[in-house]
Every structure is written in C-alpha cells, then in structure tokens.
Amino acid sequence: NEVDAFDKTVTIFGKVLDVNSHKPVVGAEVRIVGITNSRMSDIEGRYAFQIDNAGTYELVISPPFGYKTLYSGVSEIVVKSPKGGWYLSNHYLDQ
C-alpha cells in the first residue's frame, strides 16, 4: 500500500539561504554524517533526505565557492519514530 510506505518515511528538509539577502544559495552540499549520499541545494536553495530509521542525524553543510561562514539552523535532528514526519532545518551562509 503506497500510503503505508509513505507513512513510514521521515523527511529531513530545508533551504540554504544567504544570511544577508535571504536569497537561495545554489550548489551547497548538504550531508548527513554517516550516510554516504549527499544533496546539492537546488535553484531555490532546497534539499531533502528520506530517512527510514529512528536516530540522531547530524547535518553538515559545505558552502559553494564564494561563501564561507555558516549560520546553521538545526544541525542535529532527533528522529524518535520512523513512522513518518517532516523535520525542517534551514541554514544560512555568508559571502
């Protein structure tokens, strides 16, 4: 059943934004420590991960060329149940 499968997935998502202009930052690498797949922020600064297990997940942001300082949102996310949910974590970069 598609609904059952969707309910058992947790999504960690957010945006990478410029700290001054609040415009999206394209091309920032977003990783979860211990998970091999990374994401690149898209043209709107968005990224997302699907998580299947409960646990603590640490996000690491690698800024693209031209950006340096990171003003992080929630960089450690605790997923208590893998039965579905959405966890928002926005991050800010400075030029």
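Look up: the structure comes first, before these words.
All values derive from a computational prediction rather than experimental measurement. (Residues numbered from 1 in each chain as written. Predicted model: local features only at pLDDT ≥ 70, side-chain atom pairs only at ≥ 80, totals over all residues. Heavy atoms only, no water.)

## Description of the sheet that holds strand E7 (residues 76-79)
Inference 1: Strand order in the open sheet made by the four strands is E3-E2-E5-E7, with antiparallel pairing throughout. Both outer strands of the open sheet, strand E3 (38-40) and E7, are each paired with one neighbouring strand and no more. Within this sheet the neighbouring strands show an average axis-to-axis angle of 25°, counted without direction.
Inference 2: Here strand E5 (residues 55-62) runs beside E7; their pairing, made up of four bridges, is antiparallel. (Pairing = 2+ DSSP bridges. Helix = DSSP H or I, 4+ residues; strand = E, 2+ residues; numbered from the N terminus. Axes fitted to C-alpha atoms, helices over the stretch in contact; angles between N-to-C directions.)

## Thoughts on the environment of lysine 15
Inference 1: Note that lysine 15 resides in strand E1 (residues 10-18).
Inference 2: Here lysine 15 falls in the partly exposed class, since its relative accessible area comes to 33%.
Inference 3: The spacing of lysine 15 and valine 30 is 15 residues in sequence and 9.9 Å in space, taken between C-alpha atoms.
Inference 4: Residues in contact with lysine 15, not counting those within four places in the same chain, are Glu44, Gly45, Arg46, Tyr47, Ser89, Asn90 and His91. (Buried < 20%, exposed > 50% of the residue type's maximum accessible area, 1.4 Å probe, protein only. Contact = heavy atoms within 4.5 Å.)

## Section: the pairing of strand E4 (residues 46-51)
Inference 1: Burial along E4 is one-sided: the face carrying Tyr47, Phe49 and Ile51 is buried and the face carrying Arg46, Ala48 and Gln50 is not.
Inference 2: Relative to E4, E1 runs antiparallel, the two being bridged by six bridges. Along E4, the bridge assignment pairs phenylalanine 13 with alanine 48.

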